[in-house]
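# Observations on the three-dimensional arrangement
Residues per chain are reported as follows:
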Amino acid sequence: NVIRIAGIYSVVAWILMQVAGTLEESLKLPEWFDSVVTAGLMIGFPIALLLAWAFEMTPEGVKRTEELADGETVASSKMDGLILVGITVVIGLGVWQQFGAKDMDSGLRENQDTTTPVTPNKNSVIPAKAGIQSTEETIKPNSIAVLPFADLSPNKDQEYFSDGMAEEILNVLVQVNGLKVASRTSAFGFKGQESLGIPNIAKKLKVWHILEGSVRKSGNNIRITAQLIDAKNDKHLWSQTYDRTLTTENIFAIQDEIAKVIVEKLGIALDIKNSFLSQPNTRIDTQNIAAYELYLKARALFQARIELDKAEEYIINALKKDDSFAKGWGLRAALQMVIKDYGFSNMSYQTMLDNTEKYANRAIEINPNSALALAALANARENFAWTQKAPQDYQKIINDLKKSIAIAPNQTSPHNWLGLAYLSIGEQEKALRIFRKCVVIDPLFAPCVENEYDVLTALGRYDEAWEVFVSSQAQGITTGYWTNFILLAQRNEKTAFILLANTPTRLLGWSRQDEVYQAYKNINGDHSALINDIMQFLEINHREISIELGSFLLPMGAYQLTSASFSTWGKGFPKYRQSKYFKQQITGSGVFNYWQKHGYPPQCHALGEDDFECD
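Conventions used here
- Residues numbered from 1 in each chain as written.
- Predicted model: local features only at pLDDT ≥ 70, side-chain atom pairs only at ≥ 80, totals over all residues.
- Heavy atoms only, no water.
- Disulfide = S-S within 2.5 Å.
- Helix = DSSP H or I, 4+ residues; strand = E, 2+ residues; numbered from the N terminus.
- Buried < 20%, exposed > 50% of the residue type's maximum accessible area, 1.4 Å probe, protein only.
- Axes fitted to C-alpha atoms, helices over the stretch in contact; angles between N-to-C directions.
- Parallel < 35°, antiparallel > 145°, perpendicular 65-115°, else oblique.
- Left-handed = near helix turned anticlockwise from the far one by under 90°.
- Contact = heavy atoms within 4.5 Å.
- Nonpolar A, V, L, I, M, F, W, Y, C, P; charged D, E, K, R; others polar.
- Expected span 1.5 Å × (residues − 1).
- Arc of directions from axis to C-beta.
- Polar contact = N/O pair within 3.5 Å; in protein donor to acceptor, adjacent residues only side chain to side chain.

### Here's the deal with the state of the cysteines
What the rule picks out here adds up to two disulfides. Each disulfide pairs two cysteine sulfurs, and for Cys438 the partner residue is Cys448, the sulfurs being separated by 2.2 Å. Disulfide Cys438 to Cys448: torsion about the S-S bond roughly 85°, handedness right-handed. Of the two residues, Cys438 sits in helix 15 (residues 428-441) while Cys448 sits in helix 16 (residues 446-458), which places them ten residues apart along the sequence. Each member of the pair, Cys438 as well as Cys448, carries the same accessibility label: buried. The disulfide bridge from Cys604 ends at Cys614, spanning 2.0 Å between sulfur atoms. An S-S torsion of about 110° defines the bridge between Cys604 and Cys614 as right-handed. Taken as a pair, Cys604 in strand 9 (residues 604-606) and Cys614 in strand 10 (residues 612-614) lie far apart in primary sequence, ten residues in all. Here Cys604 matches Cys614 in class, with each residue buried. Here the disulfide map of the chain reads 1-2, 3-4, the bonded cysteines being numbered as they appear in the sequence.

### Here we look at the packing of helix 15 against helix 16
Where helix 15 meets helix 16, the axes come as close as 9 Å, and the angle between the chain directions of the two elements is 150°. On the basis of their axis angle, the class for helix 15 and helix 16 is roughly antiparallel. Viewed along their axes, helix 15 and helix 16 form a crossing whose handedness is left-handed. Contacts between helix 15 and helix 16 involve Gln428, Leu432, Phe435, Arg436, Cys438 and Val439 from the former and Cys448, Val449, Asn451, Glu452, Val455, Leu456 and Ala458 from the latter. Its residues assigned to classes, the contact of helix 15 with helix 16 shows nine nonpolar, two polar and two charged.

### Quick word on helix 4 (residues 159-173)
Over its 15 residues, helix 4 extends 21 Å from the first C-alpha to the last, a length consistent with the 21 Å expected when each residue adds 1.5 Å. The buried count for helix 4 comes to 13 of 15 residues, which makes it a mostly enclosed element.

### What to know about helix 13 (residues 394-407)
The end-to-end C-alpha distance of helix 13 is 20 Å, a good match for the 20 Å that 14 residues give at a rise of 1.5 Å each. If you check which residues of helix 13 are buried, you get Tyr394, Ile397, Ile398, Asp400, Leu401, Ser404 and Ile405. Relative to the axis of helix 13, the buried residues are bounded by an arc of 165° and lie together on one face. Summarising the contacts, the buried residues of helix 13 are in contact with helix 12 (371-388), helix 14 (412-424), helix 25 (580-589) and helix 26 (591-598). The distance from a side-chain oxygen at the start of helix 13 to the backbone nitrogen of Gln395 is 3.1 Å, and the residue carrying that oxygen is Asp393.

Right under this line is the structure:
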């Protein structure tokens, strides 16, 4: 009888634990709900066994075990069989959950665009326990990093060119099936740290092989040297020097040849299958070497998000030299939003959108598979809709970003922008998975790392958010340009909060920073008097209210301001979502139209045909 009760209890307890987990997620119950249910069931197990030992069911009801006559029980072989089947099913499902579901989830996360490892207008990690990889992770032989090539030109003024050479080779290698390539940002982060030695750099990048090289450009001639190193065993596998006349055709030919040799050297031993060997994947978009050099200069600044005005100057001159340079037009389109966002231009949002559409459409006209142009256009439309409350087709925005990612799966900016689009429509979990997928591609790409801890904070998962935030700061990934003040207040980081609040883009010169901090500590309180004083301060000092400043003030009650979408969905201030300003934001941007056609996010629901309500 004890064994029967143990079997029945196990089956019923397992079912109850599944129900508890489902209810917690669907009803948005506290995270401890299923844990309490599980603990209660575990505590009840030995009690059930003791009762089973002391009592037994009979046709006359419950009796003490010692009072029973032989065979006096309601149990049967049929019941025992059902119990055995139930236990077998539970064990089978448990094994599937542990291994099969995990494998399936892993596969999905590799192949679907809404899968797993800053804030709107951060154009530009997985939690440290998942995204900033463990040092114990096994380094696989089919892994490689391409370090920035050294500039050996006489005047040491060709760094952009040597970096561009390494980056183009990396872009070809990432297309090789079965080859794990360290991200550009991670590998280029070791520029100037050659003294660490190749084995140490490889260990930090978690790769087995390293490709390094140098570029010497003099007049119309170029010399490119490349060498492949087995960093695990510290030995050279291959090296080659290429002397060529400086033309874009020769440069791309060298890039393809280097990539082919690497695959050939590694392919036999590692069984890497790759159609690239017979059909190079590098597309030569321009035959004009001067245009290509200017493009490389602009791209380097765009990726670093620095001197963006100079980057646009470079790309304008590049396109003057070659008007049919598709990648050049795509880069110019992508620059428009970040130039506006990072304060390098005071152009209006309408001008930003017009420029982006013009340049992106030109790139797509030349090459319909211009991934960056597609993504830039979608991002500009989403940003315009959100900031100007001017309706855009969010389904098209999302579809175009997905298409861009399908064309160039390893580009980080389209992933970041897709995550922001999901945030705008309230799909926080989808956004989180995209940002984490982005961080898997490039663990050091600041916009996705920042957006990850922003979403975790908005979801109320403060410990996870703090872990990502602290890890990213320690690695120099992010800066104080975008900061999540809700998270700082939740962690009682008053000094950091006040330091970052007292900046030119926020409240520099405001003498009551402590009041601002206390308002964040009591985010659901009435801070209207404080907000009124701050707005007067900004007006007297002729301060423009940017979206960054709006995101800072909105949690305290400045609901009339436009803010980043992670503020919109923050768990800490539902009062905003019940205000008229929130409805104006959602209806004005076109998000409500999307909801009506494609469904509501978890925290919102319809009120009749033409209205909605959000928690």
